[in-house]
Amino acid sequence: MFDTTAVLEPTFVESRHGRGTGLLIECDGKPLHAIDKAYVMTRLAAAGYLLLRGFLSDVDSFAALVRRLSVRVALDPARSFGGRDTVAQKVDAGFDAVGLHCENANSPFVPQLCWFHCEKAASLGSQTTVCDGHRVWDALSPATRRAFLQHDIVYSRRVEAAKWKLFAFHRLEGRKPLEQITLRDVIGDNPDLSRTEVTLEADGAIRYAHRVAAAHPTLFGERIAFANSILGPSFNYEKPTITFDDGQAIPEAMLCEIASVSEACTENIEWQHGDLLLIDNTRVMHGRRAIVDPARTIFNALSDLR
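Residues numbered from 1 in each chain as written. Predicted model: local features only at pLDDT ≥ 70, side-chain atom pairs only at ≥ 80, totals over all residues. Heavy atoms only, no water.

S.K.: Go over the environment of R158, please, and point to the residues and values.
M.R.: Looking at the secondary structure, you find R158 in strand β9 (residues 153–159). Taking the C-alpha atoms as reference points, R158 and A205, separated by 47 residues in sequence, lie 6.9 Å from one another. Residues within four places of R158 in sequence aside, it is in contact with E201, D203, A205, I206, R207 and E238. A polar atom in the side chain of R158 sits 2.2 Å from the side chain of D203. (Helix = DSSP H or I, 4+ residues; strand = E, 2+ residues; numbered from the N terminus. Contact = heavy atoms within 4.5 Å. Polar contact = N/O pair within 3.5 Å; in protein donor to acceptor, adjacent residues only side chain to side chain.)

Okay, structure coming up:
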């Protein structure tokens, strides 16, 4: 099922995770620096997401792996950091269930890769969820697929000054002091904003409207994936307004179909201490079941492969 052009380490054991193409990779206690980039990305291209289990890992080695396998790290200004390196951020989004979404897909700055490290697994429930956009697209009705091929969607929301300035500061990797950050540092000549309208408000907040396809090719191929944040959360930010690009609301019946089909294609990540999860954020949506064990500790990182 999986491409074997990358050499399989003899101490790595691969097996299918869930009902789709997700892959569980287990080992006998090797350090994370033993993982080869070509091997990981070859597997990710085929599987959509990888669950790594049995490696020697902590927050700092997790951060080091993210940096080694990525060309750029992205950060969420609303989250706190973990470890010595400003890569891993603690997942803190309350205790309610979190809807399926691609990380930051309701903004112009969508990372290609989404990473998770489980420092402490929950004793009960509290699973992270994953949903392959390829499977969702194939299961949607012809009428719904046609609507999302004919129309992009538009996310509109307001972001407070402190949050967008801190985002720009980290995106510039500290090359400009935070107190000197301006809207130009976010917009500039950035091609990511070619389909986005941004307005600066009197109090320093920005309001943006971002147009993007809800169904699209992915990082690794041209096959269409229904991968977006239509069902997603807004715990640390204002909830966005989501419409078709002609200004029309997405019909309620269509939203119900999307939710039902997505749930049928969703897999639970039953965390174990030290697990790592790597997601192709252009193909696979993720979310969370309700937290029933608040001692659960998960760290997240976002990055680009190219």
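Having put the structure on the table, let's press on.
S.K.: Which residues make up unusual backbone geometry, and what values go with them?
M.R.: Phi at N104 is positive, roughly 60°, even though this residue is not glycine. With respect to the element layout, N104 can be found in the loop between β6 (98–101) and β7 (113–120). Judged by relative accessible area, which is 18%, N104 ranks as buried. Phi angles above zero are rare outside glycine, and S126 is one such case at about 65°. Structurally, S126 can be placed in the loop between β7 and β8 (128–132). (Buried < 20%, exposed > 50% of the residue type's maximum accessible area, 1.4 Å probe, protein only.)

S.K.: How would you explain the pattern of salt bridges if you had to name every residue and give the values?
M.R.: The final tally for this structure, using the stated rule, is 17 salt bridges. Notably, a salt bridge pairs D138 with R223, separated by 2.7 Å at the nearest N-O pair. Here the residue D138 occupies a position in helix α3 (residues 133–139), and R223 occupies one in strand β13 (residues 221–226), the gap between them amounting to 85 residues. By relative accessible area, D138 is classed as partly exposed at 48%. One salt bridge in this structure joins D203 and R158, with 2.2 Å as the shortest N-O distance. On the criterion of sequence distance, the pair formed by D203 in the loop between β10 (196–200) and β11 (206–212) and R158 in strand β9 is long-range, its members being 45 residues apart. Residues joined in a network through salt bridges with shared partners are R158, E201, D203, R207 and E238. (Salt bridge = Lys/Arg side-chain N within 4 Å of Asp/Glu carboxyl O.)

S.K.: Requested: an account of the sheet that holds β10, with residues and values cited.
M.R.: Whether parallel or antiparallel, the strands of a sheet pair through hydrogen bonds between backbone atoms. Sheet architecture is open: 4 strands sit in the order β10-β11-β9-β14, paired in antiparallel fashion. Only two strands of the sheet have a single neighbouring strand rather than two, namely β10 and β14 (241–244). Here the strands of the sheet are splayed against their neighbours by 15° on average, with no regard to which way each runs. Examined bridge by bridge, β10 and β11 share 5 bridges and lie antiparallel to one another. Each residue of the ladder has a partner; that of T196, found in β11, is H210. (Pairing = 2+ DSSP bridges. Axes fitted to C-alpha atoms, helices over the stretch in contact; angles between N-to-C directions.)

S.K.: Summarise the packing of aromatic side chains; cite the residues concerned and give the values.
M.R.: Under the defined criterion, the tally for this structure stands at 6 aromatic pairs. Aromatic pair F148 and F226: ring centres 5.2 Å apart, planes at 75°, arrangement edge-to-face. Of this pair, F148 sits in helix α4 (residues 142–150) while F226 sits in strand β13, and the two are 78 residues apart along the sequence. Side by side, F148 and F226 carry an identical accessibility label, which is buried. (Phe/Tyr/Trp six-rings, centres within 6.5 Å; stacked < 30°, edge-to-face > 60°.)

These figures come from the coordinates and say nothing about function on their own.
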